[in-house]
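The primary structure of each chain is shown beneath.
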Amino acid sequence: MNAKDFYSLLKYVPKAELHIHEEAAISRGTIKKLYKKYKGTTMPVAELNKLFDYNDLPGFLDSFISIQNMFKKAEDLRYTFADLSTYLKKNNITYCETFFSPTSHIKKGFSFKELSHLLTEGVEMIQQQTGATIRIIVDVSRSFGVENAQQNLNYVLEEKNPYIIGIGLGGDEEKGPAKDFESVFLQAEQAGLHRVTHAGETCLSFSITDSINILHAERIGHALTAGYDDNCIKELAEKKIPAELCPTSNTFIKKYITKIQQHPAKKLYDAGVHIMINTDDPTFFKVSLIDEYWRVYKGLKFSLDEIKQVIKNGFTAAFISDEQKLEYCHQVDSAWDEWFKINPDCKD
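Within any chain, residue numbers begin from 1 and follow the written order of that chain's sequence. Restriction of local features to residues with pLDDT of at least 70 applies here, the model being predicted, together with a cutoff of 80 or more for giving and counting side-chain atom pairs; totals for whole chains, interfaces and linings are based on all residues. Side-chain metrics in this entry use all non-hydrogen atoms of the structure; hydrogen atoms and water are not considered.

Caption draft 1: Fine view of helix α15 (residues 289-300). Here α15 spans 16 Å end to end across twelve residues, near enough to the 16 Å set by a 1.5 Å rise per residue. The classification of residues rests on relative accessible area computed with a 1.4 Å probe and restricted to protein chains. Under 20% of the type maximum is buried, over 50% is exposed, and intermediate values are partly exposed. By definition, any uninterrupted DSSP run of H or I lasting at least four residues is a helix, any uninterrupted run of E lasting at least two residues is a strand, and each is numbered from the N terminus. Every buried residue of α15 is listed here: Leu 289, Ile 290, Asp 291, Glu 292, Tyr 293, Trp 294, Val 296, Tyr 297, Gly 299 and Leu 300. Expected helix span is taken as 1.5 Å per residue step, with the number of steps being one fewer than the number of residues.

Caption draft 2: How the structure looks around the sheet that holds strand β2 (residues 93-100). Spatial ordering of the open sheet is given by β1-β2-β3-β4-β5-β6-β7-β8, a layout of eight strands whose pairing is parallel. With partners counted over all chains shown, the strands left at the sheet margins are β1 (15-21) and β8 (275-277), one partner each. The sheet shows a mean angle of 25 degrees between the axes of neighbouring strands, direction not considered. We treat two strands as partners when DSSP finds at least two bridges between them. Examined bridge by bridge, β2 and strand β3 (residues 133-139) share six bridges and lie parallel to one another. Within β3, the residue paired with Thr 98 across the bridge is Ile 136. Interaxial angle, 0 to 180 degrees, is taken between N-to-C directions of lines fitted to C-alpha atoms, where a helix line uses only the stretch in contact.

Caption draft 3: Examining the pairing of strand β5 (residues 194-199) more closely. The buried fraction of β5 amounts to five of the six residues, a majority that puts the element mostly inside the structure. Where strand β4 (residues 164-169) meets β5, four bridges bridge the pair, whose relative direction is parallel. By the bridge assignment, Ile 167 is partnered in β5 with Arg 195. Look down the strands so they point away from you; if the path from the first strand over the helix to the second goes clockwise, the crossover is right-handed. A crossover links β4 with its parallel partner β5, the connecting element being helix α9 (residues 182-190), and its sense is right-handed. Of the pairings in the sheet, the one linking β5 to strand β6 (residues 219-222) comprises four bridges and is parallel in character. Across the sheet, residue Ala 199 finds its bridge partner in β6, namely His 222. Between the parallel elements β5 and β6, the chain passes through helix α10 (residues 206-213) in a crossover that is right-handed.

Caption draft 4: Just the side chain of Thr 251, in detail. Within the secondary structure layout, Thr 251 lies in helix α12 (residues 247-253). The exposure class assigned to Thr 251 is buried, which follows from its relative accessible area of 15%. Residue contacts are counted whenever heavy atoms from the two residues lie within 4.5 Å of one another. With residues near it in sequence (within four places) discarded, Thr 251 still touches Ile 257, Thr 258, Lys 259 and Ile 260.

Caption draft 5: Just helix α17 (residues 322-342), in detail. Its 21 residues place the ends of α17 30 Å apart at the C-alpha level, agreeing with the 30 Å of an ideal helix rising 1.5 Å per residue. Every buried residue of α17 is listed here: Lys 325, Tyr 328, Cys 329, Val 332, Ala 335, Trp 336 and Trp 339. Looking down the long axis of α17, one finds its buried residues gathered within 125 degrees of arc, a one-sided arrangement. Opposite the packed face of α17, turned more than 90 degrees from it, sit the exposed residues Glu 323, Leu 326, Lys 341 and Ile 342. Contacts made by the buried residues of α17 are with α1 (3-12), β2, β3 and α16 (304-316). Within this analysis, the arc is defined by the directions that extend from the helix axis to the C-beta atoms.

In short, shape yes, function no, at least from these values alone.
Spelled out as structure tokens, the structure:
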């Protein structure tokens, strides 16, 4: 199928995204607004471009934090939810679990209670505007240490925001081994929160297996280095641990792969791992969810039937009821069949 038809099909079919950072859907227009709001002058083009000039994970994280630091008031988060709403609508994403990273904001003096209120406001605004269902996973962040992660969990437990459904372990994987956060994740599990980790992004597969066996993670973000360890692939498949793959992000970071053709997504899929496709940070990596599916289809030779299955995997890996999963998958099948009835000459 050519690109034009593929993009038309993927825009028509509802999708889920389970690995996206809420702040990373921010538009360049919003960055310029924040700059002018607090500096009183137009942001130079060179300065804006420099924010997106990086070629490794630490460089990206520095940029991410720099942009977070442009938010001087908690109310500025409304901008990012407006951008996220636009992004979801453009990609026909009807269910989304998005990471929210509170640490940098709290260090600036924002209260978690105020942040939680704005999260509720943002989620309800998006749901009203797009009809999509949004849920929040709070990134307790390995980058700031175990004590900070514990404090973030405490905030979540105290606030009891119904839209916050779990915690995630993001940040620099090499600086914060998964095993160090066992106590935090055990408490989250005992409290009934869902648990996910970024693992196998910049570390070898031990980070994935530690996440599964020590942290009891229910999903693994990235899981890139599982592709180099058949035992890890087998464990993911047998234990039915979904893998939140982010191909463009992994390619951009250049830690293990430098082009899409090197990504192990097809190997994992063929081995029975429950994979789904995500963007991670769409603005930072200049990619949309539909772009990701096109790159996987074209670069990794997934068939159209396999693409449809991966789309459905996004819903079946979500933290929703079995009844909701079935309904979303039915919507995928219906939209898929309807598009091909409208476009009968299109084929794989």
